[in-house]
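# Chain and residue survey
For reference, the chains in residue letters:
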Amino acid sequence: MRQGELERLNAKLDAVRAIGAQRLGKAEQAAFSEALDRFYANVSPDEVVEAPTEGIYGAALALWKFGAKRRPGAPRLRLYNPRLSEHGWESPHTVLEIINDDMPFLVDSLTALLTERGFGIHAILHPLLTVTRDAKGVRKGLAGPGAEGALRESVIQAQIDQIGDDETLAGLEADIRQMLADVRIAVEDWKPILTRLGEVTAGLRRDAPKKAAEATAEVAEFLDWLAQDNFTFLGYREYRIGEGRKLGADVVEGSGLGLMRDPDYTILRDAKGNFTDWSPEMDAFVTDVSPLLILKANRRSTVHRPTHLDLIGVKRYDAKGRVIGEHAFIGHFTAAAYNRNPRAIPLLRQKVERIIARAGFAPASHDGKALTNVLETYPRDELFQSTDEQLYRNAMGVLHLATRPRTRLFLRPDRFGRFLSCLIYVPRERYTTELRVRMGEILAEELNGRVATYTPSFSDEALARVHFVIALRPGGAPDYDVAEIEQRIIGAARSWGDVLREALVDRIGEHEGNRLHGRYGNGFRSGYRDSFNAVAAIADIEKMEELTEAAPLGLKFYRRLEDPDSAVRFKLFRLGRAVPLSDCLPVLENMGFRILEEDTFRIKRGDERIWLHDFYMQSADGGDVVLSELREKLEEAYGAVWSGAADDDPLNRLVLVASLSVRETVLLRAYSRFLRQARIPYSVEYMEDALAGNPGIARALVALFHALFDPASGGDTEAREAAAARISGEIETALEAVASLDVDRILRRFHNAIQATLRTNAYQPGADGQPKIYVSFKFDCARLDDLPLPRPWREIFVYSTWIEGVHLRGGPVARGGLRWSDRKEDYRTEVLGLVKAQQVKNAVIVPVGSKGGFLPKSLPAGGS
């Protein structure tokens with residue numbers, strides 16, 4: 001413990017003592033203060049320093065007072081929810097207190113039990129105190145280790161998840177009492193069991209058949225090795241087989257020690273799944289040639305480790321070498337046994353040598369060393385319990401993984417059909433807790449069992465290993481195909497990147513697929529992988545491949561299968577930096593969408609960064625979005641607004657509600673701006689709402705424009721006029737259904753303006769072959785309704801996102817110039833006044849005057 005931590009701990013404990021000094025008598029305070037130092041001698045300072053002082057005082061004093069009386073040889077236990085009114089202190093957790101004779105396995109057995117029951121441990125104290133007690137068990141005080149009559153006691157206080165109901169509280173207390181009894185009996189009988197092991201080993205050496213002397217000698221050495229702290233012995237029982245009896249055996253009365261001292265304590269199951277004292281496995285062992293049996297018991301241990309008990313069975317022979325019984329030892333192999341080189345362990349050393357010899361590799365060769373490493377790092381339980389054939393087959397399979405790492409399953413059935421041992425190797429970078437859980441689920445499902453244990457293992461190699469033990473349900477494992485199970489596990493272990501690579505190769509071939517995977521495969525973060533599958537990623541990659549510094553923006557409208565017809569999603573790709581939401585959200589809202597969700601993803605493409613904004617939207621009016629018809633138009637509209645080719649205003653709703661192209665919205669927008677200059681008594685916003693509210697009429701207006709002016713529509717003048725007349729009739733009919741008089745007037749003015757148009761450049765391509773970024777109309781002013789007087793003879797209106805302008809002529813021959821205006825709302829009025837002045841001024845030169853004016857809409861900040 002560092003000096004600073006020690007100082008903070010002591011300061012906290014001094015504060016606790018100060019509370020005790022105020023509330024306790026002098027003698028009681030002195031004893032409590034001394035106990036306090038011992039309680040917190042080995043705790044993490046952070047757990048104490050960060051805890052409330054009053055809480056530490058209450059917990060420590062409650063524990064000290066609880067241990068005031070205890071009869072040696074029996075534990076004292078209390079499990080309760082501290083309440084201020086009842087116990088004098090309170091805690092948000094359930095508190096467990098145990099005072100017991102000091103013995104091994106108490107804390108690890110308790111924590112294992114609590115964890116297995118699903119109770120979180122918030123704090124735990126487990127000091128060892130030396131105390132003296134009187135004949136009635138009343139504590140006289142703390143003592144030194146050598147004091148006369150001193151008792152070494154284990155003191156435990158654990159604060160666990162609060163238990164609200166009395167039934168659960170009582171059930172847990174009963175389980176803890178049983179665990180304490182199991183620990184006590186195992187510890188008490190540990191030495192007698194070791195003594196019995198020595199006697200069994202001597203009897204084996206003396207009575208085993210001479211023809212199996214070599215095997216017997218190795219088994220005897222193995223039993224000696226177990227006694228050297230390589231096995232934690234928790235129980236023993238002897239069984240006797242009657243003369244001439246082939247099946248079954250009887251317990252030798254009084255032979256039980258440790259956990260098996262109780263004659264009802266059984267560790268194996270029969271074919272129906274019931275616990276039994278003697279199982280078919282024991283019968284099979286009796287008729288086997290080997291003097292030794294090592295297997296996993298069906299019962300899980302309550303002492304030391306919450307795993308299935310290991311069973312060591314040793315045959316008992318009479319003087320003539322006949323099998324007359326069995327000695328059964330239960331417990332756990334120790335950590336030392338698992339960590340020791342198998343070449344130093346009796347039984348295993350011979351097995352390892354046989355496998356290496358069978359493989360035929362020279363010991364000093366690369367393959368020989370590699371196989372040796374496989375066996376030395378192989379799960380120890382598997383080395384003990386595998387037959388030579390099973391071990392050879394699986395070890396060679398693991399060896400081959402070194403040259404081509406991949407996901408593999410190696411399965412070993414338990415000799416007696418109770419368990420299946422499954423070794424799964426997966427690439428290290430793929431291993432996650434989620435994958436481990438999924439692999440266990442697959443094994444349990446396919447093999448009709450449950451995951452009894454799992455042990456992950458990581459080395460310097462490219463593969464991680466998980467050892468699952470599947471406990472089979474009654475009826476055993478069904479017919480299973482290891483290859484099929486392995487394929488399911490491979491599917492579960494395949495990373496998102498693997499699926500992407502395969503999909504790319506399938507879609508565009510191996511060369512190009514690998515190239516794109518190399519460029520993008522590691523660039524998708526977990527957030528993207530959780531949101532999109534590989535198929536969606538391929539479509540995104542295709543879009544991102546189009547992004548360059550000159551064209552950094554990519555657009556894609558799409559829909560998921562689960563989305564309603566009124567919903568649509570939109571992906572906005574931007575090379576280099578993210579798009580501010582304040583820039584992109586208004587564009588989508590003006591296009592008639594209501595944005596419900598937005599997620600942002602950053603994607604790496606080599607040294608570049610691509611930002612992907614994914615929007616989930618619904619049509620603002622709740623209507624269906626026919627994406628198959630509108631996708632290209634919506635993408636074109638957004639791109640036009642973003643590039644400045646179209647204004648960002650609510651008229652862009654017409655793409656969604658009227659299925660117009662963005663170019664067609666530009667035409668209607670231009671007419672709305674002209675009408676506003678022609679002093680229509682309605683705002684631009686009102687005109688936009690009128691058009692969007694009557695999408696059928698808006699479509700008809702555009703159709704009329706096309707019929708009159710689109711060169712691609714073909715036909716002679718009469719045919720065009722006939723088509724225009726037909727469409728105009730449809731518009732007039734539709735206008736009869738318009739309820740609002742103002743909206744009717746607005747739409748009729750649009751209809752009139754189109755009919756009064758003589759010429760347009762709307763279909764004239766620019767030098768790049770694309771439509772020009774501005775549109776112009778030439779009007780016959782005599783045909784325009786409600787035009788302010790005096791009416792020019794002809795009028796030309798020019799519109800774009802960056803400039804608007806008009807040119808007014810009083811007759812076929814006229815004279816006048818151009819000027820710019822800053823009167824945004826009524827520059828035409830200004831120009832009309834100038835036309836009248838020009839007409840007077842130039843009357844002696846030409847018959848009438850003319851004048852043009854333009855309004856710059858995108859002047860630079862601070863510019864003139």
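Residues numbered from 1 in each chain as written. Predicted model: local features only at pLDDT ≥ 70, side-chain atom pairs only at ≥ 80, totals over all residues. Heavy atoms only, no water.

## Some remarks on the packing of helix α27 (residues 695-709) against helix α29 (residues 741-755)
For clarity, the threshold we go by: As a rule, the C-alpha atoms of each element are fitted with a line to give its axis, helices using only the stretch in contact, and angles between N-to-C directions run from 0 to 180 degrees. In this description a helix means any DSSP run of H or I spanning at least four residues, a strand means any run of E spanning at least two, and both kinds are numbered starting from the N terminus. An angle counts as roughly parallel when it lies under 35 degrees, as roughly antiparallel when it exceeds 145, as roughly perpendicular when it falls between 65 and 115, and as oblique in every other case. Here, two residues are considered to be in contact whenever any of their heavy atoms come within 4.5 Å of each other. Note that Gly is not counted as nonpolar here; it falls among the polar residues with everything else outside the nonpolar set of Ala, Val, Leu, Ile, Met, Phe, Trp, Tyr, Cys and Pro and the charged set of Asp, Glu, Lys and Arg.
Running from N to C, α27 and α29 point in directions that differ by 5 degrees, and their axes come no closer than 10 Å. Taken as axis vectors, α27 and α29 run roughly parallel relative to one another. Contact with α27, carried on its side by Ile-697, Leu-701, Leu-704, Phe-705, Leu-708 and Phe-709, involves Leu-747, Phe-750, His-751, Ile-754 and Gln-755 of α29 and no other residues of that element. For the contact of α27 with α29, the per-class residue count stands at nine nonpolar, two polar and no charged.

## As for the sheet that holds strand β16 (residues 419-427)
Condition: For two strands to count as paired, DSSP must find a minimum of two bridges between them.
Reading across from one edge, β15-β16-β18-β17 is the order of the four strands in this open sheet, with antiparallel pairing throughout. Either end of the sheet is taken by a strand with one partner, and the two such strands are β15 (408-413) and β17 (449-458). Across the sheet, the mean angle from the axis of one strand to that of its neighbour is 20 degrees, orientation sign disregarded. With nine bridges joining them, β16 and strand β18 (residues 463-472) adopt antiparallel strand pairing. Looking at β18, one finds that Cys-422 is bridged to Phe-468. On top of the sheet, helix α17 (residues 482-493) reaches β15 and β16; it is set at about 140 degrees to β15, its chief contact.

## Some details on a positive patch on the surface
For the record, the criterion: Within this analysis, patches are made of residues with over 30% relative accessible area and no salt bridge. Like charges are joined at 9 Å or less; nonpolar side chains (Val, Leu, Ile, Met, Phe, Trp, Tyr) at 5 Å or less. Note that accessible areas follow from Shrake-Rupley with a 1.4 Å probe, and for residues the cover is restricted to the protein chains shown. A pairing counts as a salt bridge when a side-chain nitrogen of Lys or Arg comes within 4 Å of a carboxyl oxygen of Asp or Glu. Positive: Lys, Arg. Negative: Asp, Glu. His and the chain ends are not part of the count. By convention, charge coordinates are those of NZ in Lys, CZ in Arg, CG in Asp, or CD in Glu. Buried residues are those whose accessible area, probed at 1.4 Å on protein chains only, stays under 20% of the maximum for their type, while exposed residues exceed 50% and partly exposed ones sit between those limits.
Where like charges cluster on the molecular surface, the positive patch consists of Lys-69, Arg-71, Arg-76 and Lys-136. Relative to the elements of secondary structure, Lys-136 occurs in the loop between β4 (128-133) and β5 (139-142). Relative accessible area serves as the criterion here: at 57%, Lys-136 is assigned to the exposed category.

## Here we look at the pattern of salt bridges
With the rule as written, the count across this model stands at 62 salt bridges. Residues Glu-238 and Arg-196 are paired through a salt bridge, measuring 3.4 Å at the closest nitrogen-oxygen approach. Taken together, the positions of Glu-238 in strand β7 (residues 231-240) and Arg-196 in helix α8 (residues 190-207) put the pair 42 residues apart, joining distant regions of the chain. A salt bridge links Arg-418 to Asp-414, with the shortest nitrogen-to-oxygen separation between them at 3.4 Å. For Arg-418, a relative accessible area of 7% corresponds to the buried category. The network of salt bridges with common partners includes Arg-70, Asp-101, Arg-133, Glu-153 and Arg-184.

## Considerations on the packing of aromatic side chains
Quick note on the threshold: For Phe, Tyr and Trp, where Trp contributes only its six-membered ring, two rings pair if their centres lie within 6.5 Å, and the inter-plane angle classes them as stacked under 30 degrees, edge-to-face over 60, or tilted in between. Counted as over-ring charges are cases with an Arg CZ or a Lys NZ within 6 Å of the ring centre that also lie within 35 degrees of the ring normal.
Following the criterion strictly, the structure yields 33 aromatic pairs and no others. Taken together through their ring pairs, the aromatic side chains of Phe-222, Trp-225, Phe-231, Phe-233, Tyr-236, Phe-329, Phe-333, Tyr-338 and Phe-384 make up a single cluster. Cation over ring: Arg-78 sits above Tyr-80, and NZ or CZ is 4.2 Å from the ring centre. The cationic tip of Lys-571 hangs over the ring face of Tyr-558; the distance from NZ or CZ to the ring centre is 4.9 Å.

## Topic: helix α13 (residues 366-376)
Residues lying three or four places apart along an α-helix face the same way, a consequence of the helix completing one turn every 3.6 residues. Three or more residues of α13 are buried, namely Gly-368, Ala-370, Leu-371, Thr-372, Val-374 and Leu-375. Taken together, the buried residues of α13 touch α12 (348-359), α14 (380-385) and α15 (388-401).

## Comments concerning the sheet that holds strand β20 (residues 567-575)
The four strands are arranged β19-β20-β22-β21 in an open sheet whose pairing can be described as antiparallel. Edge strands, defined here as strands with exactly one partner in the open sheet, are β19 (553-558) and β21 (593-605). On average, adjacent strands in this sheet sit at an angle of 15 degrees to one another, irrespective of strand direction. Pairing analysis gives six bridges linking β19 to β20, with the strands arranged antiparallel. The residue bridging Lys-556 from the neighbouring strand is Lys-571, located in β20. Sitting on the sheet, helix α21 (residues 534-544) touches β19, β20, β21 and β22 (608-619), and the angle it makes with β19 is about 145 degrees.

## Here's the deal with a nonpolar patch on the surface
Side chains of Leu-818, Trp-820, Phe-854 and Leu-859 sit close together on the surface and give an oily, nonpolar patch of about 400 Å² of accessible area. Its place among the elements puts Leu-818 in strand β28 (residues 818-820).

## Regarding the pairing of β17
Relative to β18, β17 runs antiparallel, the two being bridged by nine bridges. By the bridge assignment, Gly-449 is partnered in β18 with Leu-472. Taking the residues that link successive antiparallel strands as the turn, the β17-β18 hairpin has four residues.

## Comments concerning the pairing of β21
Here 12 bridges tie β21 to β22, and the two strands are oriented antiparallel to one another. Residue pairing in the sheet places Ile-595 in a bridge with Met-617 of β22. Two successive antiparallel strands, β21 and β22, enclose a turn made up of two residues, where Gly-606 displays a positive phi of approximately 65 degrees.

## As for the environment of Gly-449
One can find Gly-449 in strand β17. The buried category is assigned to Gly-449, whose relative accessible area is 2%. Measuring from C-alpha to C-alpha, the distance between Gly-449 and Ser-713 comes to 74 Å, with 264 residues separating the pair along the chain. Excluding residues within four positions of it along the chain, Gly-449 makes contact with Ala-444, Ile-470, Ala-471, Leu-472 and Arg-473.

## Points about unusual backbone geometry
A cis amide bond links Leu-789 to the next residue, Pro-790, at an omega of -5 degrees. With respect to the helices and strands, Pro-790 occurs in the loop between β24 (775-780) and β25 (794-799). Positioned with a positive phi, Leu-347 is a non-glycine residue whose angle comes to about 75 degrees. With respect to the helices, strands and loops of the structure, Leu-347 is situated in the loop between α11 (335-339) and α12.

## Here's the deal with the side chain of Ser-91
What counts here: Counting of polar contacts relies on pairs of N or O atoms within 3.5 Å, with two restrictions inside protein: one atom must be capable of donating a hydrogen and the other of accepting it, and residues adjacent in sequence are counted only when both atoms are side-chain atoms.
With respect to the helices and strands, Ser-91 occurs in the loop between α5 (84-87) and β2 (94-101). Within the local environment of Ser-91, its side chain forms a polar contact with the backbone nitrogen of His-93, the two atoms lying 3.1 Å apart. One polar contact links Ser-91 to Gln-159, side chain to side chain, over a distance of 3.0 Å. Excluding anything up to four places from it in sequence, Ser-91 contacts Pro-82, Gln-159 and Gln-162.

## Side note on the nonpolar core
Nonpolar side chains in soluble globular proteins generally cluster together in the buried interior. The condition that has to hold: Grouping buried Ala, Val, Leu, Ile, Met, Phe, Trp, Tyr and Cys residues that are joined through side-chain atoms within 4.5 Å yields what is termed a nonpolar core.
Core analysis: the largest hydrophobic core is formed by 81 residues, its most contacted members being Phe-557 and Leu-668. Not counting chain neighbours up to four residues away, the residues in contact with Phe-557 comprise Val-568, Arg-569, Phe-570, Leu-588, Met-591, Phe-593, Met-617, Leu-627, Arg-631, Leu-634 and Glu-635. Within the second largest apolar cluster, 46 residues are counted, among which are Phe-231, Leu-383, Phe-410 and Leu-423.

## Thoughts on the environment of Leu-401
Relative to the assigned elements, Leu-401 resides in helix α15. Owing to a relative accessible area of 2%, Leu-401 belongs among the buried residues under this scheme. The sequence separation of Leu-401 and Gly-171 amounts to 230 residues, and the corresponding C-alpha distance is 49 Å. Excluding residues that lie within four positions of it along the chain, Leu-401 makes contacts with Arg-406, Arg-408, Phe-410, Tyr-425 and Leu-463.

No statement about biological role is implied by the geometric values presented.
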